[in-house]
Amino acid sequence: MLNPTIVRLTAHGLLGGRRLLVLGSLSLLIVALAVLLQVFAGVNEADAADFLQGVSFGTLLPLFGLIIGTGVIGSEIDDGSIVYVLAKPVSRAVIVRSKLAVAVVAMVLFAVVPTILAALIMAGNTPGLAMAFGAGAVVAGIVYSVIFLLLAIVTRHAVIFGLVYALGWESLVGSFVPGARELSVQQWALSIIDAVETDGFVTAHVDLGVAIVLSVVVIGLFTWLAGRRLAAMTLSTEE
Amino acid sequence: MTVMTVADVSRWFGNVVAVNDVTMSVGPGITGLLGPNGAGKSTLINMLAGFLPPSAGTVTLDGAPVWKNPQIYRSIGLVPEREAAYDVLTGHQFVVANAELHGLPDAGAAAQRALATVQMEYAQDRKIGGYSKGMRQRIKMASALVHEPSVLLLDEPFNGMDPRQRLHLMELLQAMGAEGRTVLFSSHILEEVERLASQIEVVVAGRHAASGDFREIRRLMTDRPHRYVISSSDDRALAAALIADGSTTSVSLDSTTETLEVDAVEFLPFAELVPRVARDAGIRLYRVSPADESLESVFSYLVAI
């Protein structure tokens, strides 16, 4: 169950300011890059897959997850206005789910859709590729939203920790260090892409079963934890 | 008829004790939580509002614990001290959203009533980001009143208000108290509390220093020796004349600063004595100022009893 008022307030807050501009221009950039590559370099399917893997899954999704996941609650916690939501007889789990729903929709609009568009532009002859990347992006988008939403509730320094995680872990460690790949959202997404597309443009390092189970566990567990932490949220007094 | 009860409550942050073994009960009518800045007023209000668990003791509302119990917000209206309040929304949108979050059947009508109560209808379609401090305070009030709570908690509600807004808020709170609601507000300004509250709880350095009717507190505060610093055209002659009167307990002459330090038993007779004595002796008064009238010293005096 969602609370429509919280959804509305969250969407207002998330997309009301400059964030919309940043997110919008970054997603346009991905599409523009795809167009340029297609027009001037004449990329094939393998190049397209490499590009999407590196740019979209290595950078865009974790970064947008960070901006959006923390954005749906972080600024309210920072400026204290979260008190108007918390001082209401509304279940904390409902608050978390409502905010998560907004984050996921924003992820789809700003990260998943541009990824699919870029895939179609560069590899239009192989629509299966776009579908596969879309599916992977949806999963990564949801998991990142949950992770960063929880992070924003747990710590005031969510953006710093989130950056270290998104760029350090997901972009570097998760891409290159074999053992760490099992715990990389990016690798889970690639595993799903690998399973959906059959032409072998993407090689997964994590077993599909493991990827699905871990994704589901993180989504469920972290959402639950976020509700618990929100219920025990204290408001600082002396500042 | 709602009663908030604070029983043997302490709250510490690391090594710092913010609230130290406080027990009080707040019932219908207006209660003022008085204390200097940093005394633990906000910590107490946050605990009463369910946004901070006590380190020890219990905080209850009509017997129900407030910590981790969102249902209590059906009967609590909270006006926080911080100003932030969804700046991108208009005042009307903000109050309607608050009404919806309370699950009120007719959120629009409830919001309109609350906006009328705080006289903010004229600015309800402007964005909160453009509001003045007093307007923000009133829109916060409206959001706290929208579900007609039986308890109203206000943290330093008069901060940053001009005298007219202050007066209006006082009338509003008086009306709420007269309706039998339980109103608790914090302030570090004695006059505000004295004008408004029938019941006063004084908190100093985390401790519950005094509790009771404002006259009682006032008496505690006025029945102590008052110290004044006076300078005049003839300090020595004035000193002699002052000590002759029963309301003066001691006079000392400070030759370096050329001032008189005078201890008086009571404020009123002394205030009348000084100008009379000076006039009769033909002495010109340059300065008469209370040496220890700061609120801090009034409070520390209370703690010492």
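Procedures and definitions
Residues numbered from 1 in each chain as written. Chains lettered and ligands numbered in written order. Predicted model: local features only at pLDDT ≥ 70, side-chain atom pairs only at ≥ 80, totals over all residues. Heavy atoms only, no water. Buried < 20%, exposed > 50% of the residue type's maximum accessible area, 1.4 Å probe, protein only. Helix = DSSP H or I, 4+ residues; strand = E, 2+ residues; numbered from the N terminus. Contact = heavy atoms within 4.5 Å. Buried area = accessible area lost by both parts, 1.4 Å probe. Salt bridge = Lys/Arg side-chain N within 4 Å of Asp/Glu carboxyl O. Polar contact = N/O pair within 3.5 Å; in protein donor to acceptor, adjacent residues only side chain to side chain. Nonpolar A, V, L, I, M, F, W, Y, C, P; charged D, E, K, R; others polar.

- Going by the annotation in an unreviewed UniProt entry, the name recorded for chain B is ABC transporter ATP-binding protein, with Phytoactinopolyspora halophila given as the source organism.

- Under an unreviewed UniProt entry, chain A has the name ABC transporter permease and belongs to Phytoactinopolyspora halophila.

1. Some details on unusual backbone geometry
Residues and elements named next belong to chain B.
Now for step 1: One non-glycine residue, D8, lies in the positive phi region at around 50°.
Now for step 2: D8 gets classed as partly exposed once you look at its relative accessible area, which sits at 49%.
Now for step 3: The phi torsion at Q119 lies on the positive side, around 55°, for a residue other than glycine.
Now for step 4: Following the sequence through the fold, Q119 ends up in the loop between α3 (107–117) and α4 (133–145).
Now for step 5: Accessibility expressed as a relative area gives 45% for Q119, which makes it partly exposed.

2. Some points on the interface of chain A and chain B
Now for step 1: Chain A puts 30 residues into the contact, and the matching count from chain B is 29 residues.
Now for step 2: Both sides of the chain A and chain B interface together cover about 2,700 Å² of buried area, and 63% of this is carbon and sulfur.
Now for step 3: Together, A:Y84, A:K88 and A:P89 form the three largest contributors to the area buried by chain A at its contact with chain B, with a combined 26%.
Now for step 4: For the pair chain A and chain B, the number of links is one salt bridge.
Now for step 5: The interface formed by chain A and chain B contains six residue pairs in polar contact (both at pLDDT 80 or more).
Now for step 6: When residues of the side of chain A that touches chain B are assigned to their parent elements, the largest contribution, five residues, is made by helix α1 (residues 4–15) of chain A.
Now for step 7: Here the side of chain A that touches chain B is built from residues that sort into 14 nonpolar, eight polar and eight charged.

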